[in-house]
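Results of the structural survey
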Amino acid sequence: MLRRQLLLESISALLILLFLYASMSKFLDFRTFYHDLNNQPFPHSWTPFLVWFIPLTEIALSLMLIFERTRLSGFYGSLVLMGLFTIYAIAILLNFFAYVPCSCGGVIKHLTWPQHLVLNLFFLGLSLSGALIQRKKPFKQPFITAPTKQSLV
Amino acid sequence: MKKMKWTLMSLAIIISVCGAFVTRPKFDCTQATQYYFTGGAYMPAGTYGVNYICEAGTTTCTYYTTNGITFFTCQIGSYTPGGGLTVKNPEANPSPSNSSH
């Protein structure tokens, strides 16, 4: 039980490390991030939306992963986000788009697309493991319980 | 356990925030005028995403200069004229099949 809890805390900490680092790097070099998004093979009209949506989602997921009550949702969110990043990296490696863009975000920028894919798969695996372990945890009773069928009679 | 949890979380937050500050680029060369090398001269590249893009690659895509004599590498990649997949004004340049009517 203690080992499982420690594993959960470690997985959460690693995901927080990734998401907070990535979002902070984007905000600290916002112009370059905007510039890098314009280099991606999707319409430029998406950039003003994505430039806020991606880092804010990463911060929201980090906060959700800190607290026990929101952690499972945080793991599911991480799974979706990392899944989308992984699909995008695979699509680029399979030459699905007209050209191969640069990768972005702090030191992650220096990774090649195959290295990027390995990193994404690693964190995708962590998110999946976290969600599965968290689901198995005994459910904590909420402060206000829903009325049972018997109590309503 | 709670103490361990908060130690781990605090460490993750501190490392990520400090790491982002430490790895932040000190000088953003993309804010300077960008040039591309034609093989014989350095020519102004124009606006990124409009006049050119940098595709993935290991060569130098654009250069910048501080004195007009020495040019330094700025963006890495392969210099490609044009704005990627963005069509600025499709009506302005109709296809031959549409103009034949």
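Keep in mind that what you see is a predicted model, and the values were worked out from it rather than measured.

1. Topic: the overall build of chain B
Within chain B, the regular secondary structure consists of two helices and four strands. In chain B, the succession of helices and strands from N to C terminus is α-β-β-β-β-α. A buried classification covers 27% of the 101 residues belonging to chain B. Here the contacts in chain B between residues at least 6 apart in sequence split such that 42% fall between residues at least 24 apart. Of the roughly 6600 Å² of accessible surface on chain B, 60% is carried by carbon and sulfur atoms.

2. Digging into the packing of aromatic side chains
Evaluated as defined, the whole model comprises 16 aromatic pairs over all chains. Their ring planes at 45° and their centres at 5.0 Å tell us that A:F30 and A:W52 sit as a pair that is tilted. Of this pair, A:F30 sits in helix α2 (residues 30–38) while A:W52 is found in helix α3 (residues 47–66), placing the two residues 22 residues apart along the sequence. With a centroid separation of 5.1 Å and an interplanar angle of 20°, the aromatic rings of A:F49 and A:F53 are classed as stacked. Taken together, the residues span about one helical turn, with A:F49 and A:F53 both in helix α3 at a distance of four residues. By relative accessible area, which is 41% here, A:F53 ends up partly exposed. In this structure, B:K5 is placed above the aromatic ring of B:W6, and the distance from its NZ or CZ to the ring centre is 5.2 Å.

3. Brief notes about the pattern of salt bridges
Residues and elements named next belong to chain A. All chains considered together, the criterion is met by three salt bridges over all chains. Note that E9 is salt-bridged to R71, the shortest N-O span being 2.9 Å. Of the two residues, E9 is situated in helix α1 (residues 2–28) and R71 in helix α4 (residues 71–93); the sequence distance between them amounts to 62 residues. Relative accessible area serves as the criterion here: at 0%, R71 is assigned to the buried category. Counted as one network, the salt bridges with shared partners bring together E9, E68 and R71.

4. Examining the state of the cysteines
Residues and elements named next belong to chain B. Summed over all chains, the structure comprises two disulfides over all chains. Shown here is the disulfide that connects C29 with C74, its sulfur atoms set 2.0 Å apart. Its S-S torsion of about 85° marks the bond between C29 and C74 as right-handed, since a negative value means left-handed. On the criterion of sequence distance, the pair formed by C29 in the loop between α1 (2–22) and β1 (35–37) and C74 in strand β4 (residues 71–81) is long-range, its members being 45 residues apart.

5. Digging into the confidence of the model for chain B
With 81% of its residues at a pLDDT of at least 70, chain B reaches an overall mean of 78. As a predicted assembly, this complex carries a pTM of 0.67 together with an ipTM value of 0.78.

6. Looking at the interface of chain B and chain A
By a frequent convention, interface size equals the accessible area lost on bringing the separate parts together. On the side of chain A, 31 residues touch chain B, which itself brings 31 residues to the contact. Interface of chain B and chain A: buried area, both sides summed, is about 2700 Å²; carbon and sulfur atoms make up 73% of it. At the surface where chain B touches chain A, the tally comes to zero salt bridges. Counting across the interface, chain B meets chain A through two residue pairs in polar contact (both at pLDDT 80 or more). Elements supplying a minimum of two residues to the side of chain B that touches chain A: α1 and β3 (52–65) of chain B. Looking at which element gives the most residues to the side of chain B that touches chain A, the answer is α1(B), with 13 residues. By residue class, the composition of the side of chain B that touches chain A is 17 nonpolar, 10 polar and four charged.

The rules behind each value
- Residues numbered from 1 in each chain as written.
- Chains lettered and ligands numbered in written order.
- Predicted model: local features only at pLDDT ≥ 70, side-chain atom pairs only at ≥ 80, totals over all residues.
- Heavy atoms only, no water.
- Helix = DSSP H or I, 4+ residues; strand = E, 2+ residues; numbered from the N terminus.
- Buried < 20%, exposed > 50% of the residue type's maximum accessible area, 1.4 Å probe, protein only.
- Contact = heavy atoms within 4.5 Å.
- Areas by Shrake-Rupley, 256 points an atom, 1.4 Å probe, with all protein chains shown as cover.
- Phe/Tyr/Trp six-rings, centres within 6.5 Å; stacked < 30°, edge-to-face > 60°.
- Lys NZ or Arg CZ within 6 Å of the ring centre and 35° of its normal.
- Salt bridge = Lys/Arg side-chain N within 4 Å of Asp/Glu carboxyl O.
- Disulfide = S-S within 2.5 Å.
- pLDDT = per-residue confidence, 0-100.
- Buried area = accessible area lost by both parts, 1.4 Å probe.
- Polar contact = N/O pair within 3.5 Å; in protein donor to acceptor, adjacent residues only side chain to side chain.
- Nonpolar A, V, L, I, M, F, W, Y, C, P; charged D, E, K, R; others polar.

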